[in-house]
Amino acid sequence: MSLRIYNTLSKQKELFAPVKPGKVGMYLCGPTVYKPPHIGHMVGPVIFDAIKRYLAYKGYAVTWVVNITDVDDKIIERGKELSKPWEEVAEVATKQYLDCLALLGVDTIDKFPKASEHIAEILDMAQKLIDKGFAYAADGNVWFEVGKDPDYGKLSNRKVEDQEAGTRDLTGGGKRDPADFALWKAAKKGEPSWPSPWGDGRPGWHIECSAMSLKYLGETFDIHGGGMDLMFPHHENELAQSECCSGKQFVKFWLHNGLTRIATKAAGGELKQEKMSKSLGNTLDPVALVDEHGAEFIRYLLLSTHYRSPIDFSDDTITSTKKGLAVFQRLFERIERLTGKKTNELGPDMDVHASAMLETDHAPFARAVLGLKMKFLEMMDDDFNTAGAIAVLHELAGEINGHIEKHQIEKSKAVELTAHVLAATSTLRNIGAVIGLFRITPAATGSSKDAGLLDAVMGLMIQLRKDARASKNFALADAIRDGLTKLGVTLEDRPDGTGWRKG
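The model shown is predicted, which means the values in this text are computed figures rather than measured ones.

A. Inspection of the overall build of the chain at higher detail. If you tally the helices and strands in the chain, you get 17 helices and 15 strands. Relative to its 503 residues, the chain shows a buried fraction of 50%. Of all intrachain contacts in the chain linking residues separated by at least 6 positions in sequence, the fraction that spans at least 24 positions is 73%. Of the roughly 22,900 Å² that the chain leaves accessible, carbon and sulfur atoms contribute 52%.

B. How the structure looks around helix H12 (residues 363–381). The terminal C-alpha atoms of H12 lie 27 Å apart, and with 19 residues this matches the ideal 27 Å at 1.5 Å per residue to within 8%. Looking at the buried side of H12, the elements it contacts are strand S1 (4–7), helix H1 (40–57), helix H11 (350–353), helix H13 (386–406) and helix H15 (415–433).

C. Focus on the side chain of aspartate 149. Position of aspartate 149 relative to the elements: it lies in the loop between strand S6 (141–144) and helix H5 (163–166). Here aspartate 149 occupies a buried position and makes no salt bridge, while the nearest side chain of opposite charge, lysine 154, is found at 6.9 Å. Discounting residues that sit within four places of it in the chain, aspartate 149 has contacts with Phe144, Ala240 and Cys244.

D. Structural context of the confidence of the model for the chain. Residues at a pLDDT of 70 or more form 91% of the chain, whose mean pLDDT is 90. Confidence over residues 165–170 falls short of pLDDT 50; this stretch has 17 contacts with residues more than four positions distant or in other chains. Note on residues 441–451: pLDDT under 50 across the span, and one contact to partners over four residues away in sequence or across chains.

E. How the structure looks around the environment of histidine 407. With respect to the helices and strands, the residue histidine 407 is situated in the loop between H13 and helix H14 (409–412). Histidine 407 sits in the partly exposed class, given a relative accessible area of 24%. For the pair histidine 407 and leucine 417, spaced 10 residues apart in the sequence, the C-alpha separation amounts to 7.9 Å. The residues touching histidine 407, leaving out its near neighbours within four places in the chain, are His362, Ser412 and Leu417.

F. Up close: the packing of aromatic side chains. What the rule picks out here adds up to 12 aromatic pairs. Taken together, a centroid distance of 5.0 Å and an interplanar angle of 20° make the contact between phenylalanine 144 and phenylalanine 181 stacked. Here phenylalanine 144, found in strand S6, pairs with phenylalanine 181, found in strand S7 (residues 181–186); they are 37 residues apart in sequence, far enough to count as distant. Residue phenylalanine 144 is classed as buried on the basis of its relative accessible area of 0%. For phenylalanine 181, a relative accessible area of 0% gives the class buried. Taken together through their ring pairs, the aromatic side chains of Tyr27, Phe221, Phe250 and Trp254 make up a single cluster. A cation over an aromatic ring shows up here: arginine 176 above the ring of tyrosine 136, its NZ or CZ 4.0 Å from the ring centre. For arginine 429, the ring lying beneath its charged end belongs to phenylalanine 332, and the centroid distance is 5.1 Å.

G. Quick look at the pairing of S6. On S6, burial covers both faces: Asn141 and Trp143 on one face and Val142 and Phe144 on the other are all buried. Across four bridges, the pairing between strand S5 (residues 135–138) and S6 is antiparallel. Following the sheet pairing, alanine 138 is matched in S6 by asparagine 141. Examined bridge by bridge, S6 and S7 share three bridges and lie antiparallel to one another. Each bridged residue has a counterpart across the sheet, and for valine 142 the counterpart in S7 is tryptophan 184.

H. Layout of the nonpolar core. Counting 116 residues, the largest nonpolar core has Leu55, Ile223, Phe376, Phe384 and Leu428 as the members making the most contacts within it. With nine residues, H1 is the single largest residue contributor to this core. Apart from residues lying up to four places away in sequence, phenylalanine 376 is in contact with Ala389, Val392, Leu393, Ile431, Val434 and Ile435. Among the nonpolar cores identified, the runner-up in size contains 14 residues, and Val65, Phe221, Phe250 and Val251 belong to it.

I. Seen up close, the environment of threonine 498. Turning to its location among the elements, threonine 498 is positioned in strand S15 (residues 497–502). Relative accessible area serves as the criterion here: at 30%, threonine 498 is assigned to the partly exposed category. When neighbours within four sequence positions are excluded, threonine 498 is seen to be in contact with Ile462, Arg465, Leu491, Glu492 and Asp493.

J. Representation of the layout of surface pockets in the model. In this model, the second largest pocket occupies a volume close to 1,000 Å³. Lining the second largest pocket are 38 residues, and of these His38, His41, Asp229, Leu230 and Lys275 lie nearest its centre. Elements with a minimum of two residues in the lining of the second largest pocket: H1, helix H6 (205–217), strand S9 (221–227) and helix H7 (231–246). Among the elements that line the lining of the second largest pocket, the one with the most residues is H1, at five residues. Class assignment for the residues of the lining of the second largest pocket results in 15 nonpolar, 18 polar and five charged.

K. Main features of the sheet that holds strand S10 (residues 251–257). In spatial order, the strands read S4-S3-S9-S10; together these four strands make up an open sheet with parallel pairing. Of all the strands in the sheet, the pair left with one neighbour each is strand S4 (61–66) and S10. Strand-to-strand, the axes of this sheet are offset by a mean angle of 20°, without reference to chain direction. Where S9 and S10 come together, six bridges link them in parallel fashion. Considered in S10, the bridge of glycine 225 is made with leucine 255.

L. Focus on the side chain of threonine 94. One can find threonine 94 in helix H3 (residues 86–103). Judged by its relative accessible area of 7%, threonine 94 is buried. When near neighbours in sequence (up to four residues on either side) are disregarded, threonine 94 contacts Val33, Ile68 and Lys114.

M. View of the packing of helix H4 (residues 119–131) against H6. Between H4 and H6, the least distance of the axes is 9 Å, while the angle of their chain directions is 105°. Between H4 and H6, the crossing angle belongs to the class labelled roughly perpendicular. Listed contacts from H6 to Glu121, Ile122, Met125 and Ala126 of H4 are Ile207, Glu208, Ser210, Ala211 and Lys215. Residue composition of the contact of H4 with H6, by class: five nonpolar, one polar and three charged.

Quick notes on the rules
Residues numbered from 1 in each chain as written. Predicted model: local features only at pLDDT ≥ 70, side-chain atom pairs only at ≥ 80, totals over all residues. Heavy atoms only, no water. Helix = DSSP H or I, 4+ residues; strand = E, 2+ residues; numbered from the N terminus. Buried < 20%, exposed > 50% of the residue type's maximum accessible area, 1.4 Å probe, protein only. Contact = heavy atoms within 4.5 Å. Areas by Shrake-Rupley, 256 points an atom, 1.4 Å probe, with all protein chains shown as cover. Expected span 1.5 Å × (residues − 1). Lys, Arg positive; Asp, Glu negative; His and termini not counted. Salt bridge = Lys/Arg side-chain N within 4 Å of Asp/Glu carboxyl O. pLDDT = per-residue confidence, 0-100. Phe/Tyr/Trp six-rings, centres within 6.5 Å; stacked < 30°, edge-to-face > 60°. Lys NZ or Arg CZ within 6 Å of the ring centre and 35° of its normal. Pairing = 2+ DSSP bridges. Core = buried A, V, L, I, M, F, W, Y, C linked by side-chain atoms within 4.5 Å. 1 Å grid on protein atoms, 1.4 Å probe; cavity = no way out; pocket = protein on both sides within 12 Å on 5 of 7 lines; lining within 4 Å. Points joined across faces, edges and corners; volume = space filled by probe spheres on them. Nonpolar A, V, L, I, M, F, W, Y, C, P; charged D, E, K, R; others polar. Axes fitted to C-alpha atoms, helices over the stretch in contact; angles between N-to-C directions. Parallel < 35°, antiparallel > 145°, perpendicular 65-115°, else oblique.

So, in structure tokens, the structure goes:
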């Protein structure tokens, strides 16, 4: 199978071939650390964590870099608002960001370079651009001269004059043209600064990413990612200054994930989707979302949409995500009841087990499981289609449940048949883990004593309901079930008895 990726630069899917055989360099634009992260800041990391895991599964050695912009106007302004040093603001927000990544199981990032720690690389790049005639110094600032780059705009298909409406810093400082953007900003009183050949100052926004990606991934690397809203001006300016500096292709594949949107009520009461952003005050706290729904839920939700499509947060989305994830949770609970083992301890998957089945009446089940695994990989090879891959996981869960019911395995406990579903479930877990699913264990809540008490109380409720049904007091039996449902507890009548679960 060949991996094909949609390249924003060419606006089409292309066959993936890395710069260096067997190795992949990947860069994702990280946060400007001035406030706690919202869930939108987690979208890119979760998506690219899944992408790295899949590339590693295919045998590539992947180096993934995510920068931290810890020098910026917003950080300085936030420090003034809080009457705190800008360094403290950046340090606190950086820790909050890293804590959220850990909470969501994003643990494959190799480097988190900070802009403040790469001033030398930034100065070196700015000087090279001046020497090559693509930049100029004026009044202590250094500006990239957009008009000198004939390819400017090739990523976003925006015209040079659009830069005037898209850049953070447009006026003053000796600019020759409103479209020119800052590589180095002259120092202002009370703001952080570093010495440079042009006077004390600090980096411009765009050059930070170019300098850090160059240091850790080289002049040309494989994948550059970020949100759709960063395509212009940030990525366009990164591309321009990097290629003008090196004379080489900057990035082979540009990947842009869709924006995060949230459902809000308009004046007339109807729901509308708007971009989630701090400026609009409509953000969602990832820590609160994990506390309410669990880390696995958030990751599943973010990967249930193709990365190039918008991700919508609404009551309907949350409800459908819970239903989708519950399919796997119920299956894993079913397997654990059947075997007495945790599903991460099941042993060999169908790749190993199939040879013993292919000469039996159960060969169709083995072929179905292996066929769905191949279909999962085909989805991921088609531009990292995690949404399609998750749909295949649902097909596989249905195949396993169907095999259990068809052969009444829960009643018979037949060793051979049980081995079949164990292998199939191991396959399900293993390919799910390829995109980071089914690997986050929810944090235990309460003490073991509390858990034991809850199990005993639920056992009593189940017995009371069973007795009520036996005496044909169906009203009481229904009342017990409905009451528990309102409390967030679901009773499940199974072949081996009634069980319960939260949610």
